[in-house]
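Read off the chains here:
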Amino acid sequence: MLTPALEKEILEFAQQLVRIKSYSGQEEEAIKFVETKMLSLGYDEVIIDQMGNVLGRIGTGPKSILFDSHVDTVEVNDEGEWDIPPFSGKIIDGRLHGRGSVDMKSSVAASAYAAAIAKQQGFAKDKTIFVSATVFEEDCDGENLKHLFKERNLRPDCVVICEPSNNVITLGHKGKAQITITTTGVSAHGSAPEKGVNAIYEMAEIIQRVEKRNLELLKNGDMHGTMVTSKISSVAASLNAVPFGCEIYVDRRTIPGETDQDIKNEFDAIIKGKKAAWQRGTLHRRSWTGQEIQYEPFHTAWRIDENHLLTKLCISAYSETFKQTPSQFDFWDFSTNAVTPVSLGIPTIGFGPDDYKLAHMKNESCEVNQITAACNFYTELARLF
């Protein structure tokens, strides 16, 4: 268990991180602050890769575990509406307030200290403990670890994604396919629309098919996929012309059992009979180091078995930390950095402080007792691993 002095240190670290504005692509100050903290905590090695992720290592043993959190946050566009300033990092009524307190700077603090405590207590003698603080997760989940693993020739034996889960062991999450659909028409003057083909009208039925498909998915019970049109745009010669192009962006969330081919077949059916085409909604970004990022948002869902060794170790760590066996497991309905280790066949599981539903919201805050409890859990898991 943590001493009061260590608890204070961890919470102060989390507070300091919240005070650093670190929107996606602007994480340099936060990353270098984590690097400095890891070095002060006695990590055996700390590096910042070319993309701008920081990786700390403790130990040199043959088996390895990675605890991953991201430091980037979504932007604050409603600062005046927050009850407590979003970058104050204040602790009030037992909660750490501010952007990133839940998603997920509290986890950065908890995991960074857990590895250091594991070293101090002699838990790392026969293993290697990695802690990563990654960038650009909000837009490009998994690209950070993909780059880090490749650059460092790193393949941990297992990964813990420290996303918020109310300190409930989380066995997986939904997949996602973000798709652009385009329709083509024929331009004509607005005074003679019958001479053209309106790409917006061509898209209208496709949008209705997307909505219909989502309603069908909702009928599949508690565990179901979703599909939503999240953006629409058109192209025309002028405001007085029939649009000759239209594009929508569709966000499709998948569940275990749905394959890449299932999704491809689904979108083929959605555009069938229309002058339309679909493709992955590839994103292009640039990290704070100048690294160009190309992100393909097409990931299947995953779920680790309750009888897997990693799950059993987490159950044991939970039981030791909370003095009771887990009463439930969770399953995230959003995507995380887990997509990279899962795609490589690396056993992966989730656990982190407070409620993920508070992420990205006004008045985001995290219960401080959950932060310190998460640190205890990570330390115990490192011991048992």
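Cut-offs and rules
- Residues numbered from 1 in each chain as written.
- Predicted model: local features only at pLDDT ≥ 70, side-chain atom pairs only at ≥ 80, totals over all residues.
- Heavy atoms only, no water.
- Helix = DSSP H or I, 4+ residues; strand = E, 2+ residues; numbered from the N terminus.
- Rg over C-alpha atoms; globule rule 2.2 N^0.38 Å.
- Lys, Arg positive; Asp, Glu negative; His and termini not counted.
- Charge placed at Lys NZ, Arg CZ, Asp CG, Glu CD.
- Buried < 20%, exposed > 50% of the residue type's maximum accessible area, 1.4 Å probe, protein only.
- Pairing = 2+ DSSP bridges.
- 1 Å grid on protein atoms, 1.4 Å probe; cavity = no way out; pocket = protein on both sides within 12 Å on 5 of 7 lines; lining within 4 Å.
- Points joined across faces, edges and corners; volume = space filled by probe spheres on them.
- Nonpolar A, V, L, I, M, F, W, Y, C, P; charged D, E, K, R; others polar.
- Phe/Tyr/Trp six-rings, centres within 6.5 Å; stacked < 30°, edge-to-face > 60°.
- Core = buried A, V, L, I, M, F, W, Y, C linked by side-chain atoms within 4.5 Å.

Trainee: With reference to specific residues and values, describe the overall build of the protein chain.
Mentor: Along the protein chain, the regular secondary structure elements total 10 helices and 19 strands. For the protein chain, the C-alpha radius of gyration of 23 Å lies close to 21 Å, the compact-globule estimate for 385 residues. Along the three orthogonal principal directions, the C-alpha set of the protein chain runs to about 80 × 45 × 40 Å. Side-chain charges of the protein chain comprise 41 positive and 53 negative groups, with the mean position of each set lying 3 Å from the other.

Trainee: Please provide a residue-by-residue account of the pairing of strand E7 (residues 158–161), values included.
Mentor: Covered by surrounding structure in E7 are Cys158 and Val160 together with Val159 and Ile161, the residues of both alternating faces. Where strand E3 (residues 63–70) lies against E7, 4 bridges are found, and the strand directions are parallel. Along E7, the bridge assignment pairs Leu66 with Val159. Judged from the 3 bridges that link them, E7 and strand E18 (residues 348–350) form a sheet pairing that is parallel. Within the sheet, the bridge partner assigned to Val160 lies in E18 and is Ile349.

Trainee: Which residues make up the environment of Gly257, and what values go with them?
Mentor: Counting through the fold element by element, Gly257 comes out in the loop between strand E11 (245–254) and helix H7 (260–271). Taking relative accessible area as the criterion, Gly257 reaches 67% and is therefore assigned exposed.

Trainee: Lay out the layout of surface pockets with the relevant residues and their values.
Mentor: Roughly 670 Å³ of volume is contained in the largest pocket. As for the largest pocket, its lining consists of 27 residues, of which Glu138, Arg253, Phe334, Ser335 and His360 are closest to the centre. Those elements that place two or more of their residues in the lining of the largest pocket are helix H4 (137–140), strand E9 (175–184), E11 and strand E13 (283–286). Its residues assigned to classes, the lining of the largest pocket comprises 8 nonpolar, 6 polar and 13 charged. Its boundaries defined by the atoms lining it, the second largest pocket holds a volume of some 260 Å³. Considering the residues around the second largest pocket, the lining is formed by 16 residues, among which Met1, Gln121, Asn376, Thr379 and Glu380 are closest to the centre. Elements that contribute at least two residues to the lining of the second largest pocket include exactly helix H3 (101–120), helix H8 (309–322) and helix H10 (368–384). For the lining of the second largest pocket, the per-class residue count stands at 6 nonpolar, 6 polar and 4 charged.

Trainee: Tell me about the packing of aromatic side chains, residues and numbers included.
Mentor: Both the distance between ring centres and the angle between the ring planes are used here to describe each pair of aromatic rings. A full pass over the atoms with the stated rule returns 11 aromatic pairs. Pairing Phe13 with Phe33 gives two aromatic rings, centres 5.6 Å apart and planes at 45°, and the pair type is tilted. Taken as a pair, Phe13 in helix H1 (residues 4–19) and Phe33 in helix H2 (residues 28–40) lie far apart in primary sequence, 20 residues in all. Phe13 sits in the buried class, given a relative accessible area of 1%.

Trainee: Please provide a residue-by-residue account of empty space enclosed by the protein, values included.
Mentor: Applying the stated criterion across every chain, the model contains 1 cavity of 30 Å³ or more. Reported here for the largest cavity is a volume of approximately 40 Å³. In terms of lining residues, the largest cavity is bounded by Lys176, Ala177, Thr254, Glu258, Thr259, Asp260, Ile263, Phe298, His299 and Thr300. Every element with two or more residues in the lining of the largest cavity is listed here: E9, H7 and strand E15 (298–299). Partitioning the lining of the largest cavity into residue classes produces 3 nonpolar, 4 polar and 3 charged.

Trainee: Go over the nonpolar core, please, and point to the residues and values.
Mentor: One finds Val34, Tyr43, Phe67, Ile129, Tyr378 and Leu381 to be the most contacted residues of the largest nonpolar core, which totals 87 residues. If one sorts the elements of this core by residue count, H3 sits on top with 12 residues. Formed by 17 residues, the second largest nonpolar core is a distinct cluster that contains Ile179, Met203, Leu217 and Met227.

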